[in-house]
Amino acid sequence: GVALSARQRASRPALIQMAHRAAAPDFTLPDMDGGRVALADYAGQVLLLNFWATWCQPCLAEMPWFVAFHDVFAERGFAVLGVSIDEPGWEVVRPFLEQHPVNYRIALANSAELLAPFGAISVLPTTWIVDRQGRIAVKHVGLVDRLALEAEIRLLIDE
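Caption draft 1: Here's a closer look at the side chain of asparagine 50. Relative to the helices and strands, asparagine 50 is located in strand β3 (residues 46-52). Residue asparagine 50 is classed as buried on the basis of its relative accessible area of 1%. Side chain to side chain, asparagine 50 and glutamate 62 meet in a polar contact 3.4 Å long. Side-chain polar atoms of asparagine 50 contact the side chain of threonine 127, separated by 2.8 Å. Look past the residues within four positions of asparagine 50 in its chain and what remains in contact with it is Glu62, Phe66, Leu81, Gly82, Val83, Pro125, Thr126 and Thr127.

Written out as structure tokens, the structure reads:
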């Protein structure tokens, strides 16, 4: 097991101070419904932006949390956008989501061109939380701590 002190440290929010937050990259990606999704679609909202793939077990572990966060916080100006980087694209993402349905929007960034605005995403899952002003408030690389993530969302919603 993990010592209690280590779990407590892991659960602390890790928000970047407002004055040091960088603007989230502007992006436009294809979504699962055949449309396009852009950062501008989330203006004024807190956005959890999660990069994932169908073969990523830690990604699969986080997805139910994101479903729950969407259910709890959507009415308070919170949204989740899952960005699959599966290179085969929708041919693997759609069947995966039929087996593991989510209640939030899914987009695809399965090429270097589509991923370019985000910089190097070399570890999955990678999760960013973007504040209401469109700035990156926190970046998590790898499996995130659910309690810390929820605390960060609550703090950003209340900012």
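Okay, back to it.
Caption draft 2: Highlighting the pairing of β3. Judged by how many residues are buried, β3 sits mostly within the fold: seven of seven residues are covered. Burial of β3 is two-sided: the residues Val46, Leu48, Asn50 and Trp52 facing one way and the residues Leu47, Leu49 and Phe51 facing the other way are all buried. When β3 meets strand β4 (residues 78-84), the two strands line up parallel, connected through seven bridges. Counted as the bridge partner of leucine 49 is leucine 81 from β4. Since β3 and β4 lie parallel, the crossover through helix α2 (residues 57-73) that links them has a hand, and here it is right-handed. One ladder, built from five bridges, connects β3 with strand β6 (residues 126-130); its direction is antiparallel. Along β6, the bridge assignment pairs asparagine 50 with threonine 127.

Caption draft 3: Spotlight on the sheet that holds strand β7 (residues 136-141). Read from one edge of the open sheet, five strands run β5-β4-β3-β6-β7, paired in mixed fashion. Looking at the sheet topology across the chains shown, the edges are occupied by β5 (105-108) and β7. The average angle at which neighbouring strand axes cross in this sheet is 20°, direction not considered. Lying over the sheet, α2 contacts β3, β4 and β6, oriented at roughly 165° with respect to β3. Packing against the sheet, helix α3 (residues 90-99) makes contact with β3, β4 and β5, and its axis sits at approximately 160° to β5.

Caption draft 4: Broad picture of the state of the cysteines. With the rule as written, the count across this model stands at one disulfide. Residue pairing for cysteine 56: its cysteine sulfur links by disulfide to cysteine 59, the two sulfurs lying 2.3 Å apart. Sign of the S-S torsion, about 80° for the bond between cysteine 56 and cysteine 59, identifies this disulfide as right-handed. As far as the burial class goes, cysteine 56 and cysteine 59 line up, both buried.

Reading guide: rules and limits
Residues numbered from 1 in each chain as written. Predicted model: local features only at pLDDT ≥ 70, side-chain atom pairs only at ≥ 80, totals over all residues. Heavy atoms only, no water. Helix = DSSP H or I, 4+ residues; strand = E, 2+ residues; numbered from the N terminus. Buried < 20%, exposed > 50% of the residue type's maximum accessible area, 1.4 Å probe, protein only. Polar contact = N/O pair within 3.5 Å; in protein donor to acceptor, adjacent residues only side chain to side chain. Contact = heavy atoms within 4.5 Å. Pairing = 2+ DSSP bridges. Right-handed = clockwise from strand over helix to strand, strands pointing away. Axes fitted to C-alpha atoms, helices over the stretch in contact; angles between N-to-C directions. Disulfide = S-S within 2.5 Å.

In short, the description is geometric, and any link to function would need to be established separately.
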